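Letter by letter, the chains look like this.
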Amino acid sequence: MMNTTKIIEAVSSHRFKQIISDYKTKIKVSPHAIDHLSDAQRKVFKEEELIDILTKETPRGVGLQRNGRYATFFRKKEGYIRIILELKEDRLEIITFINTDTMPNLNRLEGQK
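Residues numbered from 1 in each chain as written. Predicted model: local features only at pLDDT ≥ 70, side-chain atom pairs only at ≥ 80, totals over all residues. Heavy atoms only, no water.

Caption draft 1: Representation of the packing of aromatic side chains in the model. According to the stated counting rule, one finds 0 aromatic pairs in the structure shown. The aromatic ring of Y23 is capped on one face by K26, whose charged end is 5.5 Å from the ring centroid. Over the ring of Y80 we find R75, and its NZ or CZ is 4.7 Å from the ring centre. (Phe/Tyr/Trp six-rings, centres within 6.5 Å; stacked < 30°, edge-to-face > 60°. Lys NZ or Arg CZ within 6 Å of the ring centre and 35° of its normal.)

Below you can see the structure in the form of structure tokens.
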């Protein structure tokens, strides 16, 4: 399927907070999430930091991708960090993350399917 990472639906902050609350003790970081980091970056960016971002910061936007994963956007000093999450049966898994200059306009998705 083309565009499986395309965001197809905006997710309310209430719904996102509920997901985080439900899985707070069951958030795992996929090995793939840190594969692309250099050894130096891995020392700086620990798994706990990604989890802290999810559990302690408020996202500027959350979208549901066509592939069923959640794309979350958190404001940083320079741009945003986009964290991709997948709900599994027993955990919430951080699939990957990337620093980005901008985030999509999720408001245009309101009411669309």
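Alright, that's what it looks like, and here's the rest.
Caption draft 2: Geometry of the pairing of strand β3 (residues 61-65). Where burial is concerned, most of β3 is hidden: 5 out of the 5 residues are buried. Neither face of β3 is exposed, since G61, G63 and Q65 on one face and V62 and L64 on the opposite face are all buried. When strand β1 (residues 7-10) meets β3, the two strands line up antiparallel, connected through 3 bridges. By the bridge assignment for β3, A10 is matched with G63. Taken together, the 4 bridges between β3 and strand β4 (residues 70-75) define a ladder with antiparallel strand orientation. Within β4, the position partnered with G63 by the bridge is A71. (Buried < 20%, exposed > 50% of the residue type's maximum accessible area, 1.4 Å probe, protein only. Helix = DSSP H or I, 4+ residues; strand = E, 2+ residues; numbered from the N terminus. Pairing = 2+ DSSP bridges.)

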